[in-house]
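Residue-level structure breakdown
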Amino acid sequence: MRHIISLMMENEAGALSRVAGLFSARGYNIESLTVAPTEDASLSRMTIVTRGSDEVIEQITKQLNKLVDVVKVQDLSDGNHIERELMLVKVKATGEFREEMKRMADIFRGRVIDVADKTYTIELTGTGAKLDAFLQALDPAAIMETVRTGASGIGRGDRVLKI
């Protein structure tokens, strides 16, 4: 089962590698990982997307809590949460592709953020499924390059990851 694990950690050199090392040492895969400083410059928030049984995720959570740099861990998948991902796609925009790409971006509520003679760069945000659907809707020959951030998530309502 897919899980989104969010954690607060000290914003110090080597903290990211210790978390990644924990996963690799135990043979667990990280599907995506995002990390950035929080409103408190001494802390960073890391969001990890991984797959595993409830037992495996419980083990990962326990191991993460043992790391000195980790302040708090929360499995967002355990409750109501919001998740979003950002994708930038560079597509061919010549001839018949030009209007089609603009129309597809509009349908998926994307934005054309760069226009060149032969290309558009389109920005989309949403769930991973929405971004996958956009890519599937495009002619594969039109896609030149794709960059995705991986999931970021936050608990809904009063559910907060704070120390």
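Here, every reference points to the structure presented above.
All figures in this text were calculated on a predicted structure; none of them were measured in a lab. (Residues numbered from 1 in each chain as written. Predicted model: local features only at pLDDT ≥ 70, side-chain atom pairs only at ≥ 80, totals over all residues. Heavy atoms only, no water.)

Quick look at a nonpolar patch on the surface
- Residues L88, I113 and V147 make up a contiguous nonpolar surface patch of roughly 220 Å² in combined accessible area.
- In this structure, L88 sits in strand β5 (residues 81–92).
- We classify L88 as partly exposed; its relative accessible area is 31%. (Patch = residues over 30% accessible without salt bridge, like charges linked within 9 Å, V, L, I, M, F, W, Y side chains within 5 Å. Areas by Shrake-Rupley, 256 points an atom, 1.4 Å probe, with all protein chains shown as cover. Salt bridge = Lys/Arg side-chain N within 4 Å of Asp/Glu carboxyl O. Helix = DSSP H or I, 4+ residues; strand = E, 2+ residues; numbered from the N terminus. Buried < 20%, exposed > 50% of the residue type's maximum accessible area, 1.4 Å probe, protein only.)

As for the side chain of Q63
- You can see Q63 is positioned in helix α2 (residues 54–66).
- Apart from the residues lying within four places of it in its own chain, the contact partners of Q63 are L22 and R26. (Contact = heavy atoms within 4.5 Å.)

Some words on the sheet that holds strand β1 (residues 2–10)
- Reading across from one edge, β2-β3-β1-β4 is the order of the four strands in this open sheet, with antiparallel pairing throughout. Edge strands, defined here as strands with exactly one partner in the open sheet, are β2 (32–37) and β4 (70–75). Neighbour to neighbour, the strand axes of the sheet diverge by 15 degrees on average, direction disregarded.
- Bridging between β2 and strand β3 (residues 43–51) involves six bridges; their strand directions are antiparallel. Looking at the pairing, T34 lines up with T47 of β3.
- Docked against the sheet, helix α1 (residues 15–25) engages β1, β2, β3 and β4, running at close to 20 degrees with respect to β3.
- Packing against the sheet, α2 makes contact with β1, β3 and β4, and its axis sits at approximately 5 degrees to β1. (Pairing = 2+ DSSP bridges. Axes fitted to C-alpha atoms, helices over the stretch in contact; angles between N-to-C directions.)

What to know about the side chain of T50
- The residue T50 is located in strand β3 in this model.
- Residue T50 is classed as buried on the basis of its relative accessible area of 0%.
- One polar contact links the side chain of T50 to the main-chain carbonyl oxygen of N29, over a distance of 2.6 Å.
- Setting aside residues no more than four positions away along its own chain, T50 makes contact with M1, R2, H3, I5, F23, N29, E31, I57 and I60. (Polar contact = N/O pair within 3.5 Å; in protein donor to acceptor, adjacent residues only side chain to side chain.)

Some thoughts on unusual backbone geometry
- Phi at R109 takes a positive value of approximately 55 degrees, unusual for a residue other than glycine.
- By secondary structure assignment, the location of R109 is in the loop between α3 (96–107) and β6 (111–115).
- The exposed category is assigned to R109, whose relative accessible area is 75%.

Description of the packing of aromatic side chains
- Counted by the stated rule, this structure contains one aromatic pair.
- Arranged with centres 5.2 Å apart and planes meeting at 80 degrees, the rings of F108 and F134 form a pair that is edge-to-face. Remark: F134 occurs in helix α4 (residues 128–137) and F108 occurs in the loop between α3 and β6; sequence separation between them is 26 residues.
- For F134, a relative accessible area of 0% gives the class buried. (Phe/Tyr/Trp six-rings, centres within 6.5 Å; stacked < 30°, edge-to-face > 60°.)

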